[in-house]
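# A closer look at the structure
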2 protein chains.
Amino acid sequence: MNPEKFRVGLIQMECGDRPEANLDKAVEKIREAARRGAQIVCLQELFRSQYFCRKEDAKLFDLAETIPGPSTGRLCHVAKELNVVIVASLFEKRATGLYHNTAAIIDADGTLLGIYRKMHIPDDPLYYEKFYFTPGDLGFRAFDTRYGRIATLVCWDQWYPEAARLAALQGANILFYPTAIGWHPAEKEQYGAAQHDAWRTMQRAHAIANGIYVAAVNRVGFEGPKDEGLEFWGASFVSDPFGRLLAEASHDKEEILIVECDPQQMEEVRRNWPFLRDRRIDAYGPITSRFLA
Amino acid sequence: MNPEKFRVGLIQMECGDRPEANLDKAVEKIREAARRGAQIVCLQELFRSQYFCRKEDAKLFDLAETIPGPSTGRLCHVAKELNVVIVASLFEKRATGLYHNTAAIIDADGTLLGIYRKMHIPDDPLYYEKFYFTPGDLGFRAFDTRYGRIATLVCWDQWYPEAARLAALQGANILFYPTAIGWHPAEKEQYGAAQHDAWRTMQRAHAIANGIYVAAVNRVGFEGPKDEGLEFWGASFVSDPFGRLLAEASHDKEEILIVECDPQQMEEVRRNWPFLRDRRIDAYGPITSRFLA
């Protein structure tokens with residue numbers, strides 16, 4: 001009932017042009033996180049490449065790979081060597097013409113435990129994801145790893161309380177959000193602070209509503225042409241089940257956050273603010289409607 | 001499609017022992033809010049009395065009244081006189097032995113538009129609401145008032161993203177949360193700041209997730225014995241659809257907040273962060289489960 005404490009490692013990094021170099025860098029950082037005590041390491045969304053969804057270009061489907069495939073093969077090896085769980089966000093080629101934005105969950109013995117396919121797919125200027133990714137068809141999932149039960153959601157999912165709830169109800173101790181979110185240069189001055197604050201607020205609220213740890217792992221660095229690129233805002237963080245920030249990275253540097261999480265804290269929070277007790281499951285049915293007016 | 005701007009008035013007050021005096025005070029403050037330009041006035045939870053749920057005492061059912069009843073009669077009169085919409089949280093006697101925590105929505109022409117019965121009922125030390133209130137059986141509702149479509153939820157509802165979503169999907173422009181939340185004297189020093197911040201964060205997140213205005217109206221003042229009473233933390237606020245605080249009251253004084261809300265702002269926010277577009281209504285069905293593990 002009260003699983004042990006676990007230490008998460010969040011890897012916030014810049015990505016260059018060459019996928020192999022990005023994968024090499026990620027592996028180096030996983031090693032560093034493990035040395036510093038991380039047991040569950042989460043990489044940022046689509047860490048193997050720059051954020052290619054800035055434009056719609058059919059050639060970029062070449063970046064995709066199967067799961068299992070080359071990246072999971074390498075990461076499974078690393079996971080086993082280091083005894084760490086790895087959450088790896090990948091561009092999945094499922095079949096010819098069928099691609100997903102997928103998180104692979106690799107256990108500390110090197111086995112591929114399973115995958116989560118991003119359910120909510122955004123599409124707005126410079127984030128043309130609907131061109132690339134078919135919405136996930138596996139639903140919301142949790143996975144039993146060596147260091148406890150975890151769930152992963154991906155980026156745009158973070159704006160949907162339904163997703164956090166459905167993952168939390170599966171008994172996870174922590175929700176991981178590999179992310180690629182940044183500022184448009186033209187918007188940053190006017191909206192940048194509010195955008196970042198809304199992003200963080202929303203995810204802290206998932207922690208509070210569900211009495212669960214939340215970890216968001218975002219990339220940093222500027223990608224693309226000067227006026228039409230994205231400045232990824234980093235600021236990876238871990239929230240405790242009360243919505244308090246336990247650690248938060250900068251907006252502009254590569255960082256590895258190592259944070260200890262204690263399921264006993266969930267026990268405390270959920271006993272004192274017992275939201276799960278009072279959910280009106282008899283009245284939530286209409287949530288499967290598009291609109292109700 | 002783009003309704004007009006509207007001005008809300010939030011009345012944060014202390015309550016004394018005598019219900020008639022509290023009602024008189026509330027009416028005076030509604031007059032003041034109307035003078036200052038408020039069009040939709042929201043009173044705090046159970047404004048007609050002290051927060052009696054601090055103990056379980058069957059005699060206290062005497063505080064309840066029917067709806068329509070004396071309080072709505074008086075408030076309908078005031079609403080018509082001042083041309084304001086009033087959201088009034090009342091202790092409803094529905095039948096002998098059947099009580100609810102109910103919000104009455106009174107239109108600016110003095111008609112009782114409808115009621116919302118609090119759906120999520122808390123029960124923890126000094127908040128013994130399950131003794132008094134039968135959980136609501138009317139679901140989540142929105143109401144067309146003279147100044148636009150509004151929804152009301154009540155206090156403990158504010159911790160449930162499902163409630164905010166279901167109210168927002170009914171096309172409301174604003175969610176009102178009449179509230180009675182405070183600090184236990186023994187907990188305030190250690191947890192007080194985090195509790196207040198979690199409360200505000202959660203409701204700002206409802207604004208963000210749904211692209212909607214949110215107004216929380218809380219009481220102030222200390223009620224009950226020195227060591228076993230509650231210090232209601234006030235801090236009533238209005239959040240815009242991006243989660244930004246437009247106004248926020250103090251922790252310890254009676255205040256009336258007058259805030260202009262612009263549905264055009266919802267238009268902007270929902271166009272640029274179109275969360276409603278991408279909801280996975282095909283996958284949310286299990287949210288009607290108690291637990292999924």
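Values in this document were obtained by computation on a predicted structure and should not be read as measured data.

### A look at the relation of the copies chain B and chain A
Least-squares fitting of chain B to chain A yields an RMSD of 0.0 Å, with the transformation described by 0.0 Å of translation along the axis and a rotation of 180°. Each copy turns onto its partner about a two-fold axis.

### Some words on the interface of chain B and chain A
Note on interface size: it is often stated as the accessible area lost on association of the parts. Residue-level contacts link 53 residues of chain B with 53 residues of chain A. Both faces combined, the contact of chain B with chain A buries some 5,400 Å², and carbon together with sulfur accounts for 64% of it. The three residues of chain B that bury the most area against chain A are Arg280(B), Ile287(B) and Arg290(B), which together make up 12% of that side's buried surface. Taken together, the connections running from chain B to chain A amount to 8 salt bridges.

### A few points about helix 2 (residues 70–82) of chain A
Residue and element names in this part refer to chain A. Its 13 residues place the ends of helix 2 19 Å apart at the C-alpha level, agreeing with the 18 Å of an ideal helix rising 1.5 Å per residue. All buried positions along helix 2 are accounted for by Ser71, Thr72, Leu75, Cys76, Val78 and Ala79. End-on view of helix 2: buried residues confined to an arc of 165°, all on one side of the axis. Seen from the buried face of helix 2, the exposed residues on the opposite side, beyond 90 degrees, are Pro70, His77 and Lys80. Its buried side turned inward, helix 2 meets helix 1 (19–35), strand 3 (85–95), strand 4 (98–106) and strand 5 (112–117). The first or second residue beyond helix 2 is Asn83, which carries a positive phi of 60°.

### Observations regarding the environment of Val217(A)
Residue and element names in this part refer to chain A. Mapped onto the elements, Val217 comes out in strand 10 (residues 213–218). Classification of Val217 by relative accessible area gives buried; the value is 0%. Along the primary structure Val217 and Thr179 are separated by 38 residues, whereas in three dimensions their C-alpha atoms are 5.6 Å apart.

### Examining the state of the cysteines
All names here are of chain B. Under the criterion given, the structure shown has 0 disulfides over all chains. Cys42 takes part in no disulfide bond, and the closest cysteine sulfur, belonging to Cys155, lies 12 Å away. Free of any disulfide, Cys53 has its nearest cysteine sulfur in Cys155, 9.6 Å distant. By relative accessible area, which is 0% here, Cys53 ends up buried.

### Quick notes on the nonpolar core
The biggest cluster of nonpolar side chains holds 168 residues, and the ones touching the most others in it are Val8(A), Trp159(A), Val8(B) and Trp159(B). Once residues lying within four places of it in the same chain are set aside, the contact partners of Val8(A) are Ala38(A), Ile40(A), Ile174(A), Phe176(A), Val238(A), Leu257(A), Ile258(A), Val259(A) and Cys261(A).

### Some points on the sheet that holds strand 12 (residues 230–233) of chain B
Read across the open sheet, the 3 strands follow the order 9-12-11 (chain B); overall the sheet is antiparallel. The outermost strands of the open sheet, each flanked by one partner alone, are strand 9 (182–183) and strand 11 (220–223) of chain B.

### Side note on the sheet that holds strand 1 (residues 6–12) of chain A
Residue and element names in this part refer to chain A. Strand order in the open sheet formed by 6 strands is 5-4-3-2-1-15, with mixed pairing between adjacent strands. Strand pairing shows two members of the sheet lacking a second neighbour, strand 5 and strand 15 (255–261), which therefore form its edges. For this sheet, the mean angle separating the axes of adjacent strands, direction not counted, is 30°. Judged from the 7 bridges that link them, strand 1 and strand 15 form a sheet pairing that is antiparallel. What sits directly across from Val8, in strand 15, is Val259.

### A few points about the packing of aromatic side chains
Residues and elements named next belong to chain A. Counted under the stated rule, the structure contains 52 aromatic pairs over all chains. Relative to Tyr99, the ring of Phe61 has its centre 4.3 Å away and its plane inclined at 35°; by these criteria the two rings are tilted. With Phe61 in the loop between strand 2 (40–43) and helix 2 and Tyr99 in strand 4, this residue pair connects regions lying 38 residues apart in the sequence. Each of the two residues, Phe61 as well as Tyr99, counts as buried. Ring pairs connect the aromatic residues Phe52, Phe61, Phe91, Tyr99, Phe131, Tyr132 and Phe133, which therefore count as one cluster.

### Description of the pairing of strand 2 of chain A
Residue and element names in this part refer to chain A. The two faces of strand 2 match: Ile40 and Cys42 on one face and Val41 and Leu43 on the other face are all buried. Two elements, strand 1 and strand 2, share 4 bridges in a ladder whose sense is parallel. Bridging across to strand 2, Val8 finds its partner in Ile40. Between the parallel elements strand 1 and strand 2, the chain passes through helix 1 in a crossover that is right-handed. Handedness of the crossover joining strand 2 and strand 3 through helix 2 is recorded here as right-handed.

### A closer look at the side chain of Thr152(A)
Among the structural elements, Thr152(A) can be located in strand 7 (residues 148–152). Exposure remark for Thr152(A): the relative accessible area of 1% places this residue in the buried category.

### Structural notes on the confidence of the model for chain A
Overall, the prediction assigns chain A a mean pLDDT of 97, with 99% of residues at 70 or greater. As a predicted assembly, this complex carries a pTM of 0.98 together with an ipTM value of 0.97.

### Quick notes on the packing of helix 4 (residues 161–168) of chain B against helix 5 (residues 185–210) of chain B
Residues and elements named next belong to chain B. The contact between helix 4 and helix 5 brings their axes to 10 Å, and the two run at 40°. The orientation of helix 4 with respect to helix 5, classified from their angle, is oblique. Between helix 4 and helix 5 the crossing geometry is right-handed. On helix 5, the residues touching Pro161, Ala164, Arg165 and Ala168 of helix 4 are Met202, His206, Ala209 and Asn210. A breakdown of the residues in the contact of helix 4 with helix 5 according to their chemical character gives 5 nonpolar, 2 polar and 1 charged.

Rules behind the numbers
- Residues numbered from 1 in each chain as written.
- Chains lettered and ligands numbered in written order.
- Predicted model: local features only at pLDDT ≥ 70, side-chain atom pairs only at ≥ 80, totals over all residues.
- Heavy atoms only, no water.
- Least-squares fit on C-alpha atoms with pLDDT ≥ 70 in both.
- Contact = heavy atoms within 4.5 Å.
- Buried area = accessible area lost by both parts, 1.4 Å probe.
- Salt bridge = Lys/Arg side-chain N within 4 Å of Asp/Glu carboxyl O.
- Helix = DSSP H or I, 4+ residues; strand = E, 2+ residues; numbered from the N terminus.
- Expected span 1.5 Å × (residues − 1).
- Buried < 20%, exposed > 50% of the residue type's maximum accessible area, 1.4 Å probe, protein only.
- Arc of directions from axis to C-beta.
- Disulfide = S-S within 2.5 Å.
- Core = buried A, V, L, I, M, F, W, Y, C linked by side-chain atoms within 4.5 Å.
- Pairing = 2+ DSSP bridges.
- Axes fitted to C-alpha atoms, helices over the stretch in contact; angles between N-to-C directions.
- Phe/Tyr/Trp six-rings, centres within 6.5 Å; stacked < 30°, edge-to-face > 60°.
- Right-handed = clockwise from strand over helix to strand, strands pointing away.
- pLDDT = per-residue confidence, 0-100.
- Parallel < 35°, antiparallel > 145°, perpendicular 65-115°, else oblique.
- Left-handed = near helix turned anticlockwise from the far one by under 90°.
- Nonpolar A, V, L, I, M, F, W, Y, C, P; charged D, E, K, R; others polar.

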